[in-house]
Every structure is written in structure tokens, then in C-alpha cells.
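Each chain, letter by letter, is given below.
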Amino acid sequence: MSGYFDHIDPIQYEGPESDNPLAFKYYDAKKKIMGKSIEDHLRVAVCYWHNFCWDGFDIFGAGTFDRPWHGPLNDQLAAEAKLDAAFDFFDRLGQPFFCFHDTDVMAAANTPKEHVENFAAIVDKIESKMANSKTNLLWGTANMFSHPRYMAGASTNPNPDVVEFCALQVKHCLEATHRLGGAGYVLWGGREGYDTILNTNVGQEMEQLGRFVSMVVEHKHKIGFKGDIWIEPKPHEPTKHQYDRDVATVYGFLKTYGLEKEVGVNIEPNHATLAGHNFEHEVEMANAFGIFGSIDFNRGDPQNGWDTDQFPNDLRENTMALYYILKGGGFTNGGANFDAKVRRQSNTAEDLFFAHIGGMDLLARALMNAADLIESEKLSEFVSRRYSGWKTGLAAKMLSGQTDLDSMASAALEKNVSPEPISGRQEYLENIVTQYTK
Ligand code: XLS
Ligand code: NI
Ligand code: NI
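Model, not experiment: these values are computed from the prediction.

Participant: Please explain the packing of aromatic side chains as it appears in this structure.
Facilitator: Aromatic ring pairs: the centre-centre distance and the angle between the two ring planes describe each pair. Under the defined criterion, the tally for this structure stands at 27 aromatic pairs. The interplanar angle of 75° and the centroid separation of 5.1 Å between the aromatic rings of Tyr 4 and Phe 5 together place this pair among those described as edge-to-face. We note that Tyr 4, like Phe 5, is buried. Each ring, one from Phe 253 and one from Tyr 257, has its centre 5.2 Å from the other, and the planes form 50°; the classification is tilted. On the basis of relative accessibility, which here comes to 22%, the residue Tyr 257 falls in the partly exposed class. In this structure an aromatic cluster arises from ring pairing among Tyr 4, Phe 5, Tyr 48, Phe 52, Trp 69, Phe 87, Phe 89, Phe 90, Phe 98, Phe 100 and Phe 353. The ring centre of Phe 165 lies 3.6 Å from the NZ or CZ of Arg 149, which sits over that ring. The ring of Trp 54 carries Lys 341 above its face, with NZ or CZ at 4.6 Å from the centroid.

Pasting the structure below:
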């Protein structure tokens with residue numbers, strides 16, 4: 001037991017009138033919204049990496065956090081101390097899930113054999129921790145971007161030996177996720193891409209990626225893992241051009257390799273921003289393609305162009321996102337992972353709690369707004385009226401493939417009118433969102 005969080009009592013719901021910064025004001029876990037509890041809607045997960053692994057370093061300066069489990073040794077004892085601290089935090093915050101990368105939880109390893117042994121040793125410990133905690137596993141993932149061996153790519157590396165190492169990591173991490181009852185498994189391809197076309201065979205790399213993800217899916221079925229597999233899109237950073245650019249690009253990739261029924265997406269709002277999209281665009285694209293899976297909730301900073309991974313605090317943006325998430329049916333296996341991190345100057349135990357309490361309160365509030373918007377049917381009625389012309393006649397025939405260009409052209413000639421432009425009513429609709437953002 002680290003003792004690091006001892007002075008912080010378990011976080012309780014106290015309601016919007018509370019002035020206690022260490023209490024929930026909106027996240028009332030059991031409160032029912034559209035027939036389902038807030039906890040079951042949001043399926044909040046705490047991520048291991050930013051909270052318990054990152055020590056506050058940035059490229060200009062050393063770590064600032066001085067957590068007791070960040071000793072000089074990255075060995076099994078340090079991994080166990082970190083695990084104690086993580087579960088102590090989970091139990092005090094009371095969120096239902098956590099997420100991890102293999103290398104977040106284990107003692108450092110260099111050789112394949114060491115990797116397998118060190119990972120297995122900590123998975124045993126995680127399993128016993130989970131047996132005494134209410135925290136479940138939302139998803140696991142293999143870190144195939146930090147170690148120097150991955151500098152030229154993970155499964156898209158020109159060197160097949162590196163891809164074998166990837167296979168080893170993913171096999172063990174997927175099996176551990178299965179054993180720990182994880183709801184999903186994530187593949188984020190931070191190094192799956194290239195920095196310069198001059199040294200890269202893009203076609204070859206795409207073939208590698210396609211076959212690799214297919215092997216992951218095959219292995220999932222082989223071991224009987226019933227959870228989902230999700231790719232997390234991101235356009236760049238750390239690699240200049242990343243193959244999993246955005247939801248639409250991922251869908252194209254999945255279609256190409258016949259994986260669109262097997263793999264979904266884990267959307268991160270700030271990755272959407274980096275790709276030039278807004279958050280709800282990515283959610284609605286995933287809904288449209290039927291590949292919506294999970295969310296890594298965070299925000300970027302409008303004044304800079306990188307992945308700041310900050311906790312969400314924009315009520316309107318998240319009301320919109322939750323609206324489209326609910327509209328698509330909400331989370332099934334996925335959930336709301338906070339792939340978000342406190343700032344480097346927020347170096348105390350309290351700061352970790354303020355961040356998560358703020359994020360959970362914000363999402364609970366956005367969820368209530370989104371549910372009100374859904375129930376009011378104001379947006380959905382407008383949209384369905386706007387497309388109502390497609391239900392009958394030639395328009396319906398076009399969609400079902402029962403007409404052709406000739407017949408459509410003749411129909412236009414027959415009517416012989418230039419269709420009147422119809423207002424898209426953007427301001428009217430934006431005002432509705434403003435009205436429901438409360
Ligand atoms: C990095 C990603 C990463 C994934 C998990 O930008 O968000 O943290 O969520 O590998
Ligand atoms: Ni990110
Ligand atoms: Ni992420």
C-alpha cells in the first residue's frame with residue numbers, strides 16, 4: 001500500500017449545491033437516465049499510463065510528480081507498488097473500469113522471454129487485485145510505440161523480426177485481457193505510418209497492417225475472447241503520416257481487408273481535432289459505418305497543435321458528442337476512458353482526483369443534456385423531415401437500385417422546374433443545443 005492517497009476519503013455524490021471539491025456534483029452513479037444508470041451509460045475507465053506511469057516529465061524538463069512508486073528501479077517490486085497505488089486510487093474514486101498498456105503494468109523487459117515472464121508475473125497480481133475490488137477492465141492494449149525497436153513502425157516495420165515481437169506482445173496482452181474479463185482490446189498505431197516517403201514502401205506496409213490486424217482477429221476467436229477489438233484513429237504524432245488517420249480512413253482499411261464486421265473504433269476527441277474534424281463528426285461517422293466502439297475522452301488546446309490529452313471540460317462539445325453516442329444506441333462493450341492527463345504543475349494526489357471528478361461530473365451533465373435533447377426529438381424530427389423525400393417514389397427507387405440515370409434525368413425534364421433551395425436552419429438548430437446545454 002503506497003499510502004499516497006490515504007488522506008483522501010472515498011469520493012461521494014453530494015449534488016450540485018456542494019462546495020466540496022472532492023465530491024461529485026453531477027455524477028450520481030445510480031441515477032437513471034433514459035432507463036439506465038449514469039454509471040452504466042458512461043462506463044468510466046481510468047487509464048493507467050498518464051496517471052500512474054507518467055512522472056510529469058516533458059521534453060524540456062524532468063518529472064515533477066515524485067510519486068512514491070516511481071523509484072529508480074523499474075522492476076517487479078516497483079510494478080507491484082504502482083499496482084497497489086492504482087487500485088487504491090480506483091477504489092477511492094469508485095469508477096467501474098480501468099485500462100492499461102502491457103508495458104504500463106509490468107517490470108521493464110528487453111528480450112521476448114523477459115517480456116513474457118514479467119508480464120505474466122504482474123497479470124497474476126492484477127487478477128488478485130481485481131478479485132478484491134469493484135473495478136473491472138474496460139480494455140487492454142500493447143504498447144508498440146515507446147521502445148526504440150519500434151522507431152520504424154510496429155506491425156508495419158520493414159524488419160519482420162520487429163513484427164514477430166509485436167505478435168508476441170499482442171498475443172500475450174490479448175490473452176491477459178481475456179483472462180481479466182476485459183470488454184475490449186485496443187490497437188493504437190502511433191508508429192504505424194511513416195516520417196518520409198523516401199524510405200517507405202506504403203503498399204507493402206498496408207499489406208502488413210492488414211494481415212496483422214486479421215491475425216489479431218483470428219487469435220481473438222481462437223482463444224474465445226468475446227469482447228470487441230477497436231482501432232484508435234489518429235492522423236499524426238508521433239509519426240508524421242499515420243495510416244489510421246480518422247474514422248473514415250479506418251473504415252476504408254477495414255473494408256479492404258474484410259474486417260469491418262470484426263473491428264470497431266476507439267475515438268479520441270483530440271485525435272479528431274488533429275485530423276481537422278470535430279468530436280461528434282467522428283462519432284457519427286462511426287455510427288454511420290456501424291463501427292462505433294469506445295471513447296478516449298479528452299480535449300486538446302485550441303492554441304497549439306498537439307495531443308495535450310487534457311481532461312474534458314467543455315459542456316457543449318460533450319453534450320453534442322453524448323447526443324450522437326446516445327443516438328447511435330450508446331456504449332455496448334465500450335466506455336468512457338479518460339485518456340487524459342493532469343498538467344505537469346498539478347503534482348499532488350488531490351490533482352489526480354480533481355481531474356477525474358471534474359471529468360466524470362462533466363460527462364454526467366453532458367449525458368443528462370444529451371438525453372433531454374434526444375427525448376425532445378427537436379433535432380431528430382428536423383433531420384428526418386429534411387430527408388423525408390427519400391422514403392417514396394423515384395428517390396426510394398434510386399436507393400434500392402431500381403432506377404437509373406436516364407429515368408432520373410427524364411423525371412427532372414418532366415417536372416421542368418429548378419428546385420427551390422431549402423434553409424438548413426443551422427442557427428435555429430444551434431440555438432436548440434444552446435438551450436439544452438445546462
Ligand atoms: C495516444 C493514444 C494512446 C492510446 C493507447 O495518443 O491516445 O494513449 O489511447 O495506446
Ligand atoms: Ni491521444
Ligand atoms: Ni487514446
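Participant: In this structure, what is going on with the pattern of salt bridges? I would like to understand it.
Facilitator: Pairing between side chains becomes possible if they bear opposite charge and their charged atoms approach one another. As enumerated under the stated definition, the model contains 16 salt bridges in all. Linking Asp 6 and Arg 92 is a salt bridge whose minimum nitrogen-to-oxygen distance equals 3.2 Å. Pair noted here: Asp 6 is in the segment before β1 (32-33) and Arg 92 is in helix α3 (residues 76-93), with a separation of 86 residues, a long-range link. Under the relative-accessibility criterion, Arg 92 is labelled buried at 14%. Here Arg 344 and Asp 58 are joined by a salt bridge, their closest N and O atoms 4.0 Å apart. Placement of Arg 344 in the loop between β12 (336-338) and α12 (349-376) and of Asp 58 in the loop between α2 (48-53) and α3 is noted, with a sequence separation of 286 residues between them. The exposure class of Arg 344 is partly exposed, given its relative accessible area of 28%.

Criteria and thresholds
Residues numbered from 1 in each chain as written. Chains lettered and ligands numbered in written order. Predicted model: local features only at pLDDT ≥ 70, side-chain atom pairs only at ≥ 80, totals over all residues. Heavy atoms only, no water. Phe/Tyr/Trp six-rings, centres within 6.5 Å; stacked < 30°, edge-to-face > 60°. Buried < 20%, exposed > 50% of the residue type's maximum accessible area, 1.4 Å probe, protein only. Lys NZ or Arg CZ within 6 Å of the ring centre and 35° of its normal. Salt bridge = Lys/Arg side-chain N within 4 Å of Asp/Glu carboxyl O. Helix = DSSP H or I, 4+ residues; strand = E, 2+ residues; numbered from the N terminus.

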